[in-house]
Amino acid sequence: MSRVVFLEERCKGCRLCVEVCPMNILRASGRFNRHGYEVVAMDGKCTGCASCAVMCPDTAIRVFKSSGRTAAHEY
Amino acid sequence: MNTEQMPDRILVKGNEAVAYGAVDAGLRCYFGYPITPQNEIPEILSELLPEHEGVFVQAESEIGAVNMLLGAGACGIPAMTSSSSCGISLMQEGISYMAGSHVPGIIVNMSRGGPGLGDIGPSQGDYFQAVKGGGHGDHRNLVLAPSTAQECYDFMFKALDLAFTYRNPVMLLGDAIVAQIKEPVRRVPPAGTRTPEYLQSLVEDQRIEGYGARGKNARPRLLKSVYLAEGALAEHNRLLQRKYADMRKEALFDCEDVDDAGLVVVAFGSVGRIARSAVRQLRKAGHRIGLFRPVTLYPFPDEALSALARGRRFLVIEQNIGQMAEDVRLAVNGASPVLWHSVMPGLFIGANELVEPILQALNG
Amino acid sequence: MTYANNLHPQQGEKMVFDANPVLNERVTHYCPGCHHGIAHRLVSEVLHELGVADKTILVAAVGCSTFTYDYFNVDSVEAPHGRACAVATGVRRARPEAVVFTYQGDGDMAAIGMAESLHAANRGEKITTVFINNTVYGMTGGQMAPTTLIGQKTTTTRHGRNFSNEGGPIRLTEIMAGLQGVAYAARCALDSVKHVRKAKKAVRLAFDVQLDGLGFGFVELLAGCPTNWHMDPIAANKHIATDMIPIFPLGVFKDVKET
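Cut-off values and rules
- Residues numbered from 1 in each chain as written.
- Chains lettered and ligands numbered in written order.
- Predicted model: local features only at pLDDT ≥ 70, side-chain atom pairs only at ≥ 80, totals over all residues.
- Heavy atoms only, no water.
- Helix = DSSP H or I, 4+ residues; strand = E, 2+ residues; numbered from the N terminus.
- Buried < 20%, exposed > 50% of the residue type's maximum accessible area, 1.4 Å probe, protein only.
- Contact = heavy atoms within 4.5 Å.
- Areas by Shrake-Rupley, 256 points an atom, 1.4 Å probe, with all protein chains shown as cover.
- Patch = residues over 30% accessible without salt bridge, like charges linked within 9 Å, V, L, I, M, F, W, Y side chains within 5 Å.
- Salt bridge = Lys/Arg side-chain N within 4 Å of Asp/Glu carboxyl O.
- Lys, Arg positive; Asp, Glu negative; His and termini not counted.
- Charge placed at Lys NZ, Arg CZ, Asp CG, Glu CD.
- Pairing = 2+ DSSP bridges.
- Axes fitted to C-alpha atoms, helices over the stretch in contact; angles between N-to-C directions.
- Buried area = accessible area lost by both parts, 1.4 Å probe.
- Polar contact = N/O pair within 3.5 Å; in protein donor to acceptor, adjacent residues only side chain to side chain.
- pLDDT = per-residue confidence, 0-100.
- Phe/Tyr/Trp six-rings, centres within 6.5 Å; stacked < 30°, edge-to-face > 60°.
- Lys NZ or Arg CZ within 6 Å of the ring centre and 35° of its normal.

Caption draft 1: Structural detail: the overall build of chain A. Secondary structure assignment for chain A yields 2 helices and 4 strands. With 75 residues in all, chain A has 59% of them scored as buried. In chain A, the share of contacts with a sequence separation of at least 24, taken over all contacts with a separation of at least 6, comes to 56%. Carbon and sulfur atoms provide 52% of the accessible area of chain A, an area that totals close to 3400 Å².

Have a look at this one:
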């Protein structure tokens, strides 16, 4: 499983990441950052394709891919 | 054409003197668009500069040229453009941006008659445009007014020095007479000339946000004229005005026979030179007349004029419909009468034609 | 899944997407869903990969892109509206060792600055121009651009752009490709992940021709302006695919390295 970090204070709530995620695991979270933009939440298994980050106009997403075997951390 | 092999004394037009002066003073880049009566400048530099490892670009327009000048100046490189009235009007946008961004550069205006397409004869109709800023916003150019080919040569050194000292556009305001008159020029750097390398080092002065990329500084440098934050533009303009106040010490003028004069003729550029002939002629005939020729039009030598005001009247002679006369009146500030004689743009006049108006002013 | 902002790879992790140091950490002034941010990132990634950021000079234009220089860790010069290519000419000629690029919108590049743009390209200036075509004037509030589509409503074409009165959208990449000084000219779009990845390659090639001294590098990026199109960002992306690309075909129109 991959790890995706959303830098929520950079997010402007445009949802382009939600739209382009091939796994359809991103959604509006119902939470708002201090600028008033609704940030994104992730539910489900991420493949680490980074489509969301490539499409994000605000460089608000970082993606890390686990090699699988050593993924002792539960994210 | 190797300028090093040229003799120290040459017979050249004002335009040619500008070109040789620019190269000898250390000019690295020229950008321009052809227009009469200044074409010798780009023509000569198109050959000279590449031979001196410099850059010559014939731009697509004066707008292109002045913005190339902005780009080169923003990198702290000695650069210039030249044009004539109509083209200088097109450049005003870029000149305003240069002033607003603290970018040095030299703009030569061998002006012609206007308004509109006018003619290619002599005129001083661009005085206001040159000395009051010319473009939008509260900005000023340093303005030098040569009256001889020798001054065309010498003032290129001065212009480069001023441009880099103040990080400001410097204009050389000549006209068709100065541009086309052919006379001997001593090709020697004027006394006090500083090296281009030293002048370029001045742009590192960090009182003002720094210069274009060198790849040496971690802090990115930015040259801009936009200040949107509240109060930022006010602060930027205060800085510019402090700079313009500093420039006042650069005022230069030429004075002749003023001590005992009852009338002082005030004239600049080529008309200043013609007026000098008339004044000398009248001096010989026993009239107490002097000449005051502003050499820098901005800063205007108003303190020197003001100091002369007591007990003397002034006659401003200029080839326009009365522009510098306003600055003379401001300088004199009512302390003595300021008369004015206009030579219409496009006319070629001789000293004889100025004798009568001068005598009228003396006796009137 | 976590919201913890641990931006470093943990044990057994590989970073697959990171920011790069050429783009600073400032949050941009651009509207939500605006593609300028993507274009900025692509350019910064290319400069980072090429390792030339510390000798790069950005010439900023006027429009939404004026403040480009606030986000790039490179030296910058502000140009008057439309004059970026002329300013860049001066910069590149004065400092031939520098890498120079302009970043201009459609109004700046293809309306007021058409002469400066085409002539710099025709001279083969060794600069790179990133041209953002979103068919509208963004900064001034949504007026008609030279690239506005026929029928597109803007604040100055209230009933839609009408060819008989306003002419048609300018296809600048095709014009650029016809000029001898242009070494690379391509049009890409920023509406999908696939297109963004392609655009990155085009931006890279547009810088490569500059670094190789081959001439003017030009890349046009079809970009979304949700605010002035009065669309949400997702609809704006679809608009690029369905309405813009048919008028502005994607592709490499000139590449001297390939010919």
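Once you've had a look at it, read on.
Caption draft 2: How the structure looks around a positive patch on the surface. A surface patch of like charges, here positive, comprises Lys194(C), Arg197(C), Lys198(C) and Lys201(C). Along the chain, Lys198(C) falls in helix 7 (residues 193–211).

Caption draft 3: Just the sheet that holds strand 5 (residues 105–111) of chain B, in detail. Residue and element names in this part refer to chain B. Overall, mixed pairing links the 7 strands, which are arranged 3-2-4-5-7-6-13 in an open sheet. In this open sheet, the two strands that pair with only one neighbour each are strand 3 (55–58) and strand 13 (296–298). On average, each strand axis in the sheet is inclined to that of its neighbour by 20°, with strand direction left out of account. Sheet analysis places strand 4 (residues 79–83) next to strand 5, joined by 4 bridges and oriented parallel. The residue of strand 5 that forms the bridge with Thr81 is Ile107.

Caption draft 4: Local environment of the interface of chain C and chain A. Taken together, the contacts link 44 residues of chain C with 41 residues of chain A. Of the roughly 3500 Å² buried between chain C and chain A, counting both surfaces, carbon and sulfur atoms make up 59%. Remark: the boundary between chain C and chain A carries 3 salt bridges. Connecting chain C to chain A are 16 residue pairs in polar contact (both at pLDDT 80 or more).

Caption draft 5: Representation of the confidence of the model for chain B within the structure. Residues and elements named next belong to chain B. Of all residues in chain B, 95% have pLDDT values of 70 or greater, and the mean over the chain is 93. Between residues 206–210, whose pLDDT stays under 50, and residues either more than four places distant or in other chains, the model counts 11 contacts. Among the prediction metrics, the complex's ipTM stands at 0.95, with pTM recorded as 0.95.

Caption draft 6: Molecular detail of the packing of aromatic side chains. Using the criterion set out here, one finds 10 aromatic pairs over all chains in the structure. Between Tyr30(B) and Phe56(B), the aromatic rings sit 5.5 Å apart at their centres with planes inclined by 5°, giving stacked as the arrangement. In this pair, Tyr30(B) is assigned in strand 2 (residues 29–32) and Phe56(B) in strand 3, connecting sequence segments 26 residues apart. Residue Tyr30(B) is classed as buried on the basis of its relative accessible area of 0%. In this structure, Arg3(A) is placed above the aromatic ring of Phe64(A), and the distance from its NZ or CZ to the ring centre is 4.0 Å. When the ring centre of Tyr227(B) is taken as reference, the NZ or CZ atom of Lys224(B) above it lies at 4.8 Å.

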